[in-house]
Amino acid sequence: MERLFTLQVTIFLLVAAGFGLKRARMVGPQGQKNLTDIVIYVVLPCNIVKAFQSGASNEGVSAYLGIFLLSLFIQAMCVLYGKVVFRKEPEGRRKCLEYGTICSNAGFLGNPVAEGVYGAQGLVLASIYLIPQRIMMWSFGIAIFTDTKDFKKTLAKVATHPCILACILGIFLMFTGVPLPAALEGTVTALGNCNTAMSMMVIGMILEEIERKDFWNWAIAKYTLHRLVIIPGIVYLVCLFLPVSEMVFGSSVLLAAMPAGATTSILAEKYGMEPEFATKMVIFSTLLSLPTVCLWGMAISWRFH
């Protein structure tokens, strides 16, 4: 778990960099808004295409199908789970909590964890696992924040969102093996590699605006418990009764145990839905995920050894 610890430290240093830039007034409100738009409309789509390309493989079809179906189940469960558990929260917070329940940070933290535990095959499984989540976060997830009642309008917005288009392109590239032109692939890779740094710095900028006395509340504690302990616990119990391999079992539980994704803060900022609260969700769940992911790793090891 040394690699996981290194990733956690990297996250907080990047958040600190964004915090420092905002505190030093090197980035103002308009600059922060522009950076948020760049992340959502340019950097994230490139990162998605890049992630799907990394999952290309022709081996272990049954394992791929198994983890894909498990991921579909987890996404459906999280949609219902968030609506029930957080239904009494104020509207802005409820939207952040529902989105954070559906969309974890499995992309940034989950991929290296799966690779570190299960090698290259684990990274491929993580890429397959993330397909439903990536689609959900830019379809149902966007609908949570926009809250439009016009289904056709929502569908049109979702279908033309750069991140959904990136998902479609990524799936096509992953399963066909068709390469992008070298120059285009280099551009997509370079921009996609900016995702973590830019997303975390935006979070740091939002964090700078939070009053220190309001930094903690019980809604955050409740969310963190559900996101890091109860949800992966449900996945663990379900997997006990399924004929899946150790690799699919372990990858599913570890990826389900990831903290809130950085896009929770970014979309909350974009749509004016309590971005400070969303940032607290990301910061605290990420901080506490270090010991909980290690404990889930031990539980999986105990199950198979």
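Our subject is the structure that appears above.
Calculation criteria
- Residues numbered from 1 in each chain as written.
- Predicted model: local features only at pLDDT ≥ 70, side-chain atom pairs only at ≥ 80, totals over all residues.
- Heavy atoms only, no water.
- 1 Å grid on protein atoms, 1.4 Å probe; cavity = no way out; pocket = protein on both sides within 12 Å on 5 of 7 lines; lining within 4 Å.
- Points joined across faces, edges and corners; volume = space filled by probe spheres on them.
- Helix = DSSP H or I, 4+ residues; strand = E, 2+ residues; numbered from the N terminus.
- Nonpolar A, V, L, I, M, F, W, Y, C, P; charged D, E, K, R; others polar.
- Salt bridge = Lys/Arg side-chain N within 4 Å of Asp/Glu carboxyl O.
- Axes fitted to C-alpha atoms, helices over the stretch in contact; angles between N-to-C directions.
- Left-handed = near helix turned anticlockwise from the far one by under 90°.
- Contact = heavy atoms within 4.5 Å.
- Expected span 1.5 Å × (residues − 1).
- Buried < 20%, exposed > 50% of the residue type's maximum accessible area, 1.4 Å probe, protein only.
- Phe/Tyr/Trp six-rings, centres within 6.5 Å; stacked < 30°, edge-to-face > 60°.

Student: Help me understand empty space enclosed by the protein in this model?
Tutor: Leftover empty space is mapped by rolling, across the atoms, a probe with the size of a water molecule. The tally for this structure, following the rule as stated, stands at one cavity of 30 Å³ or more. Take the lining of the largest cavity: its biggest share by element is three residues, from helix 3 (residues 61–85).

Student: Would you mind showing me how to read the layout of surface pockets here?
Tutor: Here the largest pocket defines a volume of roughly 600 Å³. What lines the largest pocket is a set of 31 residues, and nearest its centre among them are Asn47, Gly107, Phe108, Asn195 and Thr196. Sorting the residues of the lining of the largest pocket by element identifies helix 1 (2–23), helix 2 (29–54), helix 5 (106–137), helix 10 (195–208) and helix 13 (262–271) as the ones contributing at least two each. It is helix 5 that provides the largest number of residues to the lining of the largest pocket, a total of 11 residues. Its residues assigned to classes, the lining of the largest pocket shows 13 nonpolar, 14 polar and four charged. In this structure, the second largest pocket spans a volume of roughly 170 Å³. Surrounding the second largest pocket, Ser62, Ala63, Gly66, Ile67, Leu69, Leu70, Leu242, Pro243, Val244 and Val248 form its lining. Top contributing element to the lining of the second largest pocket by residue count: helix 3, with six residues. Here the lining of the second largest pocket is built from residues that sort into eight nonpolar, two polar and no charged.

Student: Which parts of the structure should I look at to understand the pattern of salt bridges?
Tutor: Where side chains of opposite charge bring their charged atoms close, a pairing between them can arise. Under the criterion given, the structure shown has eight salt bridges. Across the pair glutamate 208 and arginine 23 runs a salt bridge, and its minimum N-O distance is 2.9 Å. Here arginine 23 lies in helix 1 and glutamate 208 lies in helix 10, a separation of 185 residues in the sequence. Note that glutamate 98 is salt-bridged to lysine 83, the shortest N-O span being 3.7 Å. Within this pair, whereas glutamate 98 is found in helix 4 (residues 91–102), its partner lysine 83 is found in helix 3, the two being separated by 15 residues in sequence. Sharing partners across several salt bridges, the network here consists of Arg23, Arg25 and Glu208.

Student: Honestly, the packing of helix 4 against helix 13 in this entry has me stumped. Any pointers?
Tutor: When two helices pack together, their arrangement is given by the angle between the helix axes and by the axis-to-axis distance. Direction vectors running N to C along helix 4 and helix 13 enclose 145°, while the axes themselves pass 9 Å from each other. Judged by the sense of rotation from one axis to the other, the crossing of helix 4 with helix 13 is right-handed. Packed against helix 4, whose contacting residues are Cys96, Tyr99 and Gly100, the element helix 13 presents Thr263, Thr264, Leu267 and Ala268 at the interface. Of the residues that constitute the contact of helix 4 with helix 13, the class distribution is four nonpolar, three polar and no charged.

Student: What am I meant to see in helix 3 here?
Tutor: Each full turn of the α-helix corresponds to 3.6 residues, which orients residues three or four apart in the same direction. A rise of 1.5 Å per residue sets the reference length of helix 3, with its 25 residues, at 36 Å; its end C-alpha atoms lie 35 Å apart and thus fit the reference within 8%. Considered for burial, the residues of helix 3 that qualify are Ala63, Tyr64, Ile67, Leu70, Ser71, Ile74, Gln75, Met77, Cys78, Val79, Tyr81 and Gly82.

Student: Sorry, what's going on with the packing of aromatic side chains here?
Tutor: Two numbers describe a pair of aromatic rings. These are the distance of the centres and the angle of the planes. By the definition in use, this model includes six aromatic pairs. On the basis of an interplanar angle of 85° and a centroid distance of 5.2 Å, the ring pair of phenylalanine 249 and phenylalanine 304 is categorised as edge-to-face. With phenylalanine 249 in helix 12 (residues 246–256) and phenylalanine 304 in helix 14 (residues 275–304), the pair connects residues that are 55 residues apart, well separated along the chain. In this structure phenylalanine 304 comes out as partly exposed when scored by relative accessible area, which is 27%. Ring pairs connect the aromatic residues Tyr236, Phe249, Trp296 and Phe304, which therefore count as one cluster.

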